[in-house]
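# Summary of the model geometry
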Amino acid sequence: MENSKDEAENDEQPFELKPLRSLAPMFPIPLGYDVETQSTDPMLVFVTPFRPCSSSGSGRPKTSQASFVHPLPKSPIPLKATPISVAIPMPQNEDESLDEDYDPFCEQKKPASQKTAKRTQQAGDSNAANIKRRSIRRTLNKELAFCPSSSSDPSESVEAIMMMFDSLRRRILQLDEKEDASRRADLKAGTLMMQNGLRINSLKSIGPVPGVEIGDIFFFRIEMCIVGLHAPAMAGIDYISAKHVGKDETLAVSIISSGGYENDDDGTDVLVYTGQGGNSRHKEKHDQKLERGNLALMNSMKKRNQIRVVRSAQDPFCNSGKIYIYDGLYRIEDSWMDKAKNGFSVFKYKLRREPGQPDGISVWKMTEKWKENPSTRDKAILLDLSSKIENLPVCLVNDVDDETGPSYFNYVTGVDYSRPLSKMKPLQCCKCPSVCLPGDTNCSCVQQNGGDLSYGSTGLLVKHIPMVYECSSNCQCSQNCRNRVTQKGVRLNFEVFWTGDCGWGVRSWDPIRAGTFICEYAGTVIDETNMNMDDEEDEYTFRTSWPSGKVLRWNLGAELLEACANVTTESFKKLPIIISAKSSGNVARFLNHSCSPNLLWQPVQYDHGDDRYPHIMFFAMKHIPPMTKLTYDYGIRGAPPGIKGEFPNACKLKPCLCGSSNCRGSF
């Protein structure tokens, strides 16, 4: 799973300070505009919030509960492109402003030979790449100017802005990799979004943030900035200054506990938090002072105001990576001075979690215990539904009633085609000596995927496209090639659980990052003309459907860097494939429907070349916390794609129980 490896920072600065013009790709501007690259503006704190795009096609903005309407400029006046050094400034006094909790991101370093080979291959293409980048820049602001909103649900606004950010970040990283450029794609994406008003909840407030739920996870601090959960890009204490409170004092609004200081965070309801300052790596250490964030925390203890707490956990897929978990609202009940291990005095604050809130960090601690020993999972019916066929056990659980388990089926991990693979069209193969490299014009797999590898360096899907072509068994590249993701099977700890009203469902014990491969829809490929569609057959059958508006919007951030949106409903082929998992299948047969899903299905080819019958692979659309039900949109059910008029075996519409604010009522 791609973690923060590709955006590693050095010991002195979080990223290289360059004006926005020097970053590629850069937000384009409409014709007739100039760009000022020098600015003395302060850090962007109060800027135009983001409103998610509507699938209705309306071009007029509407007010949402989590945003405010401020249209982007449309007159031919200069636009200010504030340098990153101004938008997210480096702290002036590191021992006071620098947050030592902010560890370097986890990075996978490329072998030197691969880097050299990559630069050699791409030297001749640099001019063409630069021309392409310049052409991309010209239309982005037009795309932004017509981004409407139809949602009054703050959660949907937060979800939309997060999906846009990560889509933009993945695409920037993909483009940067082709030129071996700077890898801090998260800060590039975040800064560009904030400077173009694509953020929400920009006004600091005490208490909950509209649309941010307890248990939500973040892989970058900049994500918390753009949704308004925690404004500082570096500091661990966020507070409201005196001019906002209206009195001669400051109050803390949120803190991040991520291990840089000597915090006591083993408990799930009590946190002992260490103040900031005095622990700089580049200046002489000293006692902490009662100022800035420390003073704000002391004032908050006296005022008893609520403070948002973000905790951290190690990314299970990256040893040096962190995941940030919003753990809810706390209050400070005590404070004292203590001696740190370095001998200097530090402030300690004891915070207690407000009662009656949903579980946050406690879910993580619980699932970590289950992963170490699945037998500790209470209410487990079967410890491994797959009978060791999957890479990891699939637990079967019912903590609702007395239901004993699903009807019998044969657990398989692949698809059984109606004819042997040897009789099907072969897939073209590459001759890469080691691994496929981004932008390699000599790699047939890269070219078959439109000139880009579909996955990031650690396996995240960059964009949802009509077809992904992975390397086949006939390719000369090694099994470590990044273009071999789904064919390696499941890498997550799943449990199949009884939902009650919606039957059996699937959730993961692991945190799942947007773009992560989930599983394949395994089963038997059947002919629609010979289907005997009883209720049970229909319940465990996959049919392709047109992508929903939400699925199409998953590419929105990436499309902002293109001359025009190139993935639409019309881009996707009508696939005749139908897969039955009634008698044989895997965890995918238990994935529930939702009109607001967290998964999408992606056609993938790796063992044959008949694009009518690809593998159906599921990927995460968003960051998914542990123990969250995994769902995808079944689509509007009826005649299979491409069949017009009455169809004798068309399945009946079923009532939808997803509970989404966008629920269609049936599927």
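Calculation notes
- Residues numbered from 1 in each chain as written.
- Predicted model: local features only at pLDDT ≥ 70, side-chain atom pairs only at ≥ 80, totals over all residues.
- Heavy atoms only, no water.
- Helix = DSSP H or I, 4+ residues; strand = E, 2+ residues; numbered from the N terminus.
- Buried < 20%, exposed > 50% of the residue type's maximum accessible area, 1.4 Å probe, protein only.
- Contact = heavy atoms within 4.5 Å.
- Salt bridge = Lys/Arg side-chain N within 4 Å of Asp/Glu carboxyl O.
- pLDDT = per-residue confidence, 0-100.
- Pairing = 2+ DSSP bridges.
- Axes fitted to C-alpha atoms, helices over the stretch in contact; angles between N-to-C directions.
- Polar contact = N/O pair within 3.5 Å; in protein donor to acceptor, adjacent residues only side chain to side chain.
- Phe/Tyr/Trp six-rings, centres within 6.5 Å; stacked < 30°, edge-to-face > 60°.
- Core = buried A, V, L, I, M, F, W, Y, C linked by side-chain atoms within 4.5 Å.

## Brief notes about the overall build of the protein
Of the regular secondary structure elements, the protein holds 15 helices and 25 strands. In the protein, which comprises 667 residues, the share counted as buried stands at 57%. For the protein, long-range pairs separated by at least 24 residues make up 74% of all intrachain contacts whose partners lie at least 6 apart in sequence.

## Some details on the pattern of salt bridges
All told, the structure shown has 25 salt bridges when counted by the stated rule. Arg-171 is the partner of Asp-452 in a salt bridge, and the nearest nitrogen-oxygen pair spans 3.2 Å. In this pair, Asp-452 is assigned in the loop between helix 12 (444-448) and strand 14 (468-469) and Arg-171 in helix 6 (residues 154-179), connecting sequence segments 281 residues apart. Exposure remark for Asp-452: the relative accessible area of 12% places this residue in the buried category. As a salt-bridge pair, Lys-350 and Glu-333 come within 3.4 Å of each other at their nearest N and O atoms. Of this pair, Lys-350 sits in strand 9 (residues 345-353) while Glu-333 sits in strand 8 (residues 322-339), and the two are 17 residues apart along the sequence. According to the relative accessible area criterion, Glu-333 is partly exposed, its value standing at 35%.

## Describing the confidence of the model for the protein
Here the protein averages 77 in pLDDT, and 70% of its residues register 70 or above. At the level of individual helices and strands, the protein shows its lowest average pLDDT in strand 1 (residues 35-36), which scores 32, and its highest in strand 17 (residues 517-520), which scores 98. Across residues 1-150, confidence stays below pLDDT 50; counting only partners more than four residues off in sequence or on other chains, it has 356 contacts. Low confidence marks residues 638-650, where pLDDT is under 50. Its contacts with residues over four positions away, or in another chain, come to 16 contacts.

## With respect to the sheet that holds strand 15 (residues 494-498)
Across the sheet, which stays open at both edges, the four strands sit in the order 10-11-15-16 with mixed pairing between neighbours. Single-partner strands in this sheet number two, and they are strand 10 (380-382) and strand 16 (504-508). Each strand of the sheet is rotated relative to its neighbour by a mean of 35°, with strand direction disregarded.

## Details of the environment of Gly-293
Structurally, Gly-293 is set in helix 10 (residues 292-303). A C-alpha to C-alpha distance of 7.0 Å links Gly-293 and Ala-252, two positions 41 residues apart in sequence. Among residues more than four places away in sequence, those in contact with Gly-293 are Ile-237, Tyr-239 and Gln-276.

## Side note on the environment of Thr-524
Counting through the fold element by element, Thr-524 comes out in strand 18 (residues 523-525). Considered as a pair, Thr-524 and Ile-578 are 54 residues apart in the sequence and their alpha carbons are 8.3 Å apart. With residues near it in sequence (within four places) discarded, Thr-524 still touches Asp-416, Ile-578, Ile-579, Ser-580 and Ser-584. At 3.5 Å, the side chain of Thr-524 forms a polar contact with the side chain of Ser-584.

## Structural notes on the environment of Ile-325
Take Ile-325: it is sitting in strand 8. Spatially, the C-alpha atom of Ile-325 lies 7.6 Å from that of Ala-313, the residues being 12 residues apart in sequence. Setting aside its immediate chain neighbours within four residues, Ile-325 contacts Gly-215, Asp-216, Ile-217, Val-309, Val-310, Arg-311, Ser-312, Ala-313, Ile-361 and Trp-364.

## Describing the packing of aromatic side chains
In this structure the tally under the stated criterion is 16 aromatic pairs. When the ring of Phe-409 is compared with that of Phe-590, the centres are 5.7 Å apart and the planes differ by 70°; the resulting orientation is edge-to-face. Remark: Phe-590 occurs in the loop between strand 21 (584-585) and strand 22 (592-593) and Phe-409 occurs in the loop between strand 11 (395-397) and strand 12 (410-411); sequence separation between them is 181 residues. For Phe-590, a relative accessible area of 1% corresponds to the buried category. Every member of this aromatic cluster is reached through a ring pair, and the members are Tyr-521, Phe-542, Trp-601, Phe-618, Tyr-632 and Tyr-634.

## Here's the deal with the nonpolar core
One broad rule of soluble globular proteins: the nonpolar side chains tend to lie buried together. In terms of nonpolar packing, the biggest core is built from 43 residues, with Ile-161, Met-193, Val-212, Phe-218, Val-227 and Leu-229 touching the most fellow members. Of all the secondary-structure elements, those providing two or more residues to this core are helix 6, helix 7 (185-195), strand 3 (217-218), helix 8 (221-227), strand 7 (307-314), strand 8 and helix 11 (361-372). With nine residues, helix 6 is the single largest residue contributor to this core. With 39 residues, the next largest nonpolar core counts Tyr-411, Leu-492, Phe-494 and Cys-519 among its residues.

## Some words on the sheet that holds strand 14
Strands sit in the order 14-23-24-17 across an open sheet of four strands; the sheet is mixed. Edge positions in the sheet fall to strand 14 and strand 17, since each of these pairs with one other strand and no more. With two bridges connecting them, strand 14 and strand 23 (residues 599-605) associate as parallel partners. Paired with Val-468 across the two strands is Val-604, which belongs to strand 23.

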